[in-house]
Amino acid sequence: MASTRKGQRMGGGEQFALFDVERPAEPETNARVEAASILQPEASAEAVDIVEAVPPSDTPPSEPQLEAPSTPEPGPSGWESLPAGEDADGHAIVITAAASYTPSGRVLTGSVDSIDKLDQLVRWAALTPLGSPAQVWLVGVDACAQLGWIIDPGSEDDVDDLEALRVRAADELRQVIAATLPPLIAQGWELRGDPGHVVHLSRAIGKATQMVDLVLEPYVWTYWNKDFGWGNRVGDMGILGSPSAGTYLPDDDLPAARELGRRLAWCAKHLGVLPGPTPARTGAAVVDKIRRERTRTGKGILVTTAGPVPPLDGPPRGDLEPAAGWARVPDAEDLDHARRLVTLDQRAAYLASAGMLSFGYGRPRRVVGDAAVEEASRTKPAFGLWRVTLPAAGQYSLPEKLPLPHPVMQFDAPVRTWVTTVSLEGLCAPVADGGMGVDVDDLEVTEAWIYPEQGRALDKWASILRAARGVAVETDDVAMKRFVGACYKGYIGRMVNPEMWTATRMQHHHQPLWRAAIIAHCRWRGRRVAMRIARETGRWPIRTMTDSWVYLLGEADDVADDSPALGKMVVEKHARLSDDLLAVFAAAQDTHEVKLAIDAAYGACGEEDA
């Protein structure tokens, strides 16, 4: 698995101009003037907690002695409808074996075929940060090989343990890169951490610090992270896309560089940051940019500390607020006139909830006994965690064809557990709205941890990602829609993991209670919609997974919400049901067989709507 793209050859190749931009008459001089016009330092506030930007010197360093590219070669027209802008210029460079370019496609130099030339190029470009340190992307095995960064880990088809292959490749890559770095170190660069698919470099210039990340595109697969979904094959790899979903960069280096430049510019324009090493880190970079703006202006909610789970008495096993997961065997009424299988999904559910909810922050205080009951009984209880007893569901007149109101609730026995304020309010909501209709007294609240401050801390973050997602949807930009989705899902998912945020300036991203509240909010919102569908159509779900609900429907049953708003139920998948498939549902004896019937229906039809 030397690369995730095909058709990459070792050695040099013909040099092209990116995006079909012709070379000026005086290549190096004009490129230098053009680069200097766009490589301006960002405002100092932008660099807080990242780097101090180093502007271009009035007396530039020695001009890199790099070969000028040759005549442009026509490129594919697929990117003309989605052109790259200049938003990432001055913050990133894209290098192929043939030449180096700005993300917008301006040719900077010829082949960068030595560590010395790479050093000269980075110094000359004087890149500045944008939410993340400046980036230099090497696209294609050939570009890496010219710097001595080449490994041969073998093929995944020849091994039984893909993780062992990845670990071996990552270690080999580290050793190969480390062996080539002494010339950079001699020029004043320092290595931050171990080198790998990203080489983190920094250097001091007076009181300023310049940071640059060198990203080796062919070897991104050597980095395992849950964001990347390592399994039988490499999964989604952030801004580079997903090989399995068909959104990875094109096979050939020039189109790949062109598309990467477009994506970098897109990310800079619509998210305001360069992409991080993972989607989760990109989501965090957007949060931190907002945080720096609020620090500078003094306006808006400013969360500066982590929000770890308080010391709980009898903490729940697993997630504080488990996602929904449930199925039931359909009865004759469910199958009556059923002709379609439909899966409804909440559009960008986690992003919608993140923008709606008021989150707690600061140091929580513990309240017990009557004080806890009093706090829980308020019209709008404070954000926090509540120690409650979930009554046995069998005592209440609850819908038989919906999951129990809370995932840890049992039908015939009470359960003692902790819930967020979102679930506290959901349990007390009317049954018609998806709740349980209980009073606070029925929940036997004995203890709580509540927060002194609360507010919509992620509203602007959600607004930025929502707008970016909207642009991707409107332009049918599948790669960037998937990337934005991975950013908010990855960031919210990693809130629970303190190991992701060990650096002092990153600890405020550790917010497991925020994540728990978001999960709970999506779950309760789904129940509310399920109750509405039942009232309007008489149809009930047969399965739910997180924020998706599966229905057997008749021809005339209309259950989706046409609103473009996030969080609304839209059709994710649908399949027509033949008599044979209906017979499979009718014959199902348990929930496992129901799940098999659902898989068979979708597998037979192959029809899916996003």
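Rules and cut-offs
- Residues numbered from 1 in each chain as written.
- Predicted model: local features only at pLDDT ≥ 70, side-chain atom pairs only at ≥ 80, totals over all residues.
- Heavy atoms only, no water.
- Buried < 20%, exposed > 50% of the residue type's maximum accessible area, 1.4 Å probe, protein only.
- Helix = DSSP H or I, 4+ residues; strand = E, 2+ residues; numbered from the N terminus.
- Pairing = 2+ DSSP bridges.
- Core = buried A, V, L, I, M, F, W, Y, C linked by side-chain atoms within 4.5 Å.
- Axes fitted to C-alpha atoms, helices over the stretch in contact; angles between N-to-C directions.
- Contact = heavy atoms within 4.5 Å.
- Salt bridge = Lys/Arg side-chain N within 4 Å of Asp/Glu carboxyl O.

A. Structural detail: the pairing of strand β17 (residues 548-553). Within β17, six of the six residues are buried, which leaves the element mostly enclosed by the surrounding structure. Neither face of β17 is exposed, since Ser548, Val550 and Leu552 on one face and Trp549, Tyr551 and Leu553 on the opposite face are all buried. Two strands pair when backbone bridges link them, and strand β9 (residues 340-346) and β17 are joined in this way by six bridges, in the antiparallel orientation. Bridged to Arg340 within β17 is Leu553. Relative to β17, strand β16 (residues 543-545) runs antiparallel, the two sharing three bridges. When the bridges of β17 are listed, Arg543 appears paired with Val550. As consecutive antiparallel partners, β16 and β17 are separated by two residues, and within that stretch Thr546 has a phi angle of approximately 60°, a positive value.

B. Quick look at the nonpolar core. Counting residues in hydrophobic clusters, the biggest one holds 130 residues, and the most contacted among them are Val136, Trp149 and Trp461. The element best represented in this core is helix α14 (residues 512-537), accounting for nine residues. With 17 residues, the next largest nonpolar core counts Leu341, Ile542, Leu582 and Ile598 among its residues.

C. Quick peek at the sheet that holds strand β11 (residues 365-368). Spatially, β11-β14-β12-β13 is the arrangement adopted by the four strands of the open sheet, whose pairing is antiparallel. For this open sheet the edge positions go to β11 and β13 (415-420), each flanked by a neighbour on one side alone. With strand direction ignored, the average angle separating the axes of adjacent strands in the sheet is 25°. Where strand β12 (residues 384-390) meets β13, six bridges bridge the pair, whose relative direction is antiparallel. Pairing of Thr389 across the sheet is with Arg416, part of β13. In the packing of helix α11 (residues 421-428) onto the sheet, contacts are made with β12 and β13, and the angle to β13 comes to roughly 115°.

D. Summary view of the pattern of salt bridges. Evaluation of the coordinates by the stated rule reveals 24 salt bridges. Residue Asp319 is joined to Arg515 by a salt bridge in which the shortest nitrogen-to-oxygen separation is 3.4 Å. Of this pair, Asp319 sits in the loop between α7 (279-297) and β8 (325-327) while Arg515 sits in helix α14, and the two are 196 residues apart along the sequence. The exposure class of Arg515 is buried, given its relative accessible area of 17%. As a salt-bridge pair, Asp334 and Lys401 come within 3.4 Å of each other at their nearest N and O atoms. Of this pair, Asp334 sits in helix α8 (residues 332-335) while Lys401 sits in the loop between β12 and β13, placing them 67 residues apart in sequence. With relative accessibility at 15%, the residue Lys401 sits in the buried group. Residues participating in the shared-partner salt-bridge network are Arg328, Asp331, Glu333, Asp334 and Lys401.

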